[in-house]
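Structure at a glance
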Amino acid sequence: MDVVDLKISEIEKLTGAENKYWICGHVVGEFLYKQIVEISAKTVLEFGTSVGYSALWMAKALKPIGGRLLTVESHKERGDLAAKHFEEAGVMDVISLVRGHAPEVLMQKDVFKDTMFDMAFFDATKYEHLSYFDFVYPRLKKGGVLVVDNVISHGDGNMMRKFLDLVAQHPGIASEIIDIGSGILIGRKQ
Ligand SMILES: C[S@@+](CC[C@H](N)C(=O)[O-])C[C@H]1O[C@@H](n2cnc3c(N)ncnc32)[C@H](O)[C@@H]1O
């Protein structure tokens, strides 16, 4: 087991059965890892770092190919814990942790510059998915992948429903919902 795997299992124990940091869980983490490997993603964006669990799964796939993950978190203590986990796992060269409220971060041109992403993972507040999508869609490469967590567990919420309808009807995205974890949406840019 390498140091990233060890940190992943440590966070699983730390977060406990009550999932106090709302991590996506092992099955979804592994899914993110496999997606990156499958499409050879080099540039990934995440909204909602929490303590860095999903980010570590993605870093595990990105590190050997010199890829980069940009991940956004607004909560002070969870962000501090994530930074500590990234340092201990030796992935500071892979992950840029952006501290702040995502809608404000999106307006900071120096954070994103002209970066085009191979993959984006939405796992922050469900109310902001529509604005994340508006931001990400033009910056997602053709063939790039959008992954969204909790689409079954939160599928009845008004904003999640609006978002899911938008993606389902969008001519530029082919999407499906997969029943793992709390339900994930995967969309591929055409
Ligand atoms: C479900 S948790 C993320 C779990 C993480 N992706 C994982 O699987 O390990 C959601 C996180 O998003 C953060 N968050 C929610 N709204 C946010 C926003 N507008 N900007 C930045 N972070 C936000 C919360 O503070 C929380 O830590």
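Details of the structure are given in the entry above.
So, here's what we can say about the structure. (Residues numbered from 1 in each chain as written. Predicted model: local features only at pLDDT ≥ 70, side-chain atom pairs only at ≥ 80, totals over all residues. Heavy atoms only, no water.)

Taken together, 23 residues lie near the ligand, and Gly48, Glu73, Arg78, Asp123 and Glu128 sit nearest. Take Cys24: an N or O atom from its main chain is 2.8 Å from an oxygen atom of the ligand. The contact in question runs from a nitrogen atom of the ligand to an N or O atom on the backbone of Ser74, over 3.2 Å. If the ligand stood free it would expose 610 Å²; the protein chains cover 92% of that surface. The cavity that encloses the ligand is the largest pocket. Of all the secondary-structure elements, those providing two or more residues to the shell around the ligand are helix H3 (53-62), strand E2 (68-73) and helix H5 (102-105). Taken together, the residues of the shell around the ligand break down into nine nonpolar, nine polar and five charged. (Near = heavy atom within 4 Å. Polar contact = N/O pair within 3.5 Å; in protein donor to acceptor, adjacent residues only side chain to side chain. Areas by Shrake-Rupley, 256 points an atom, 1.4 Å probe, with all protein chains shown as cover. 1 Å grid on protein atoms, 1.4 Å probe; cavity = no way out; pocket = protein on both sides within 12 Å on 5 of 7 lines; lining within 4 Å. Sits in = over half its atoms within 2 Å of the grid points. Helix = DSSP H or I, 4+ residues; strand = E, 2+ residues; numbered from the N terminus. Nonpolar A, V, L, I, M, F, W, Y, C, P; charged D, E, K, R; others polar.)

Once that is clear, we can look at the layout of surface pockets. Computed from the structure, the largest pocket encloses a volume of approximately 530 Å³. If you go around the largest pocket, you meet 28 residues; those closest to its centre are Trp22, Gly48, Asp123, Ala124 and Thr125. Looking at the lining of the largest pocket, the elements that each hand over two or more residues are H3 and E2. Grouping the amino acids of the lining of the largest pocket by side-chain chemistry returns ten nonpolar, twelve polar and six charged. (Points joined across faces, edges and corners; volume = space filled by probe spheres on them.)

Below, the discussion takes up the sheet that holds strand E1 (residues 43-47). Reading across the sheet, the seven strands line up as E3-E2-E1-E4-E5-E7-E6 and stay open at both edges, with mixed pairing between neighbours. For this open sheet the edge positions go to strand E3 (95-99) and strand E6 (173-178), each flanked by a neighbour on one side alone. Neighbouring strand axes in the sheet, compared pairwise and without regard to direction, differ in orientation by 15 degrees on average. Against the sheet, helix H8 (residues 158-169) makes contact with strand E4 (117-122), strand E5 (140-148), E6 and strand E7 (184-189), and its axis sits at roughly 130 degrees relative to E6, the strand it touches most. (Pairing = 2+ DSSP bridges. Axes fitted to C-alpha atoms, helices over the stretch in contact; angles between N-to-C directions. Contact = heavy atoms within 4.5 Å.)

With that settled, the discussion passes to the side chain of Asn150. Relative to the helices and strands, Asn150 resides in the loop between E5 and H8. Looking at Asn150, its side chain comes within polar contact range of the side chain of Lys126, at 2.9 Å. Side-chain polar atoms of Asn150 contact the side chain of Ser182, separated by 3.4 Å. Not counting residues within four places of it along the chain, the set of residues in contact with Asn150 comprises Asp123, Lys126, Gly155, Met160, Ser182 and Gly183.

The next thing to look at is the pattern of salt bridges. Throughout the structure, instances matching the rule amount to ten salt bridges. In this structure, the salt-bridge partner of Lys76 is Asp80, at a minimum N-O distance of 2.4 Å. In this pair, Lys76 and Asp80 both sit in helix H4 (residues 76-89), four residues apart, roughly one turn of the helix. A salt bridge links Lys84 to Glu88; the shortest N-O distance between them is 3.4 Å. (Salt bridge = Lys/Arg side-chain N within 4 Å of Asp/Glu carboxyl O.)

To continue, consider the nonpolar core. Judged by nonpolar contacts, the single largest core of 34 residues is most densely connected at Val91 and Met119. Mapped onto this core, the elements with two or more residues apiece are helix H1 (3-15), helix H2 (26-39), H3, H4, E4, E5 and E7. The greatest single-element share of this core, amounting to eight residues, is contributed by H3. Every residue in contact with Met119, bar those within four places of it in the chain, is listed here: Leu32, Gln35, Ile36, Ala41, Thr43, Val44, Leu45, Met58, Leu140, Val145 and Val147. If you look at the next biggest cluster of nonpolar residues, it comprises 27 residues, including Phe112, Ala120, Phe133 and Phe163. (Core = buried A, V, L, I, M, F, W, Y, C linked by side-chain atoms within 4.5 Å. Buried < 20%, exposed > 50% of the residue type's maximum accessible area, 1.4 Å probe, protein only.)

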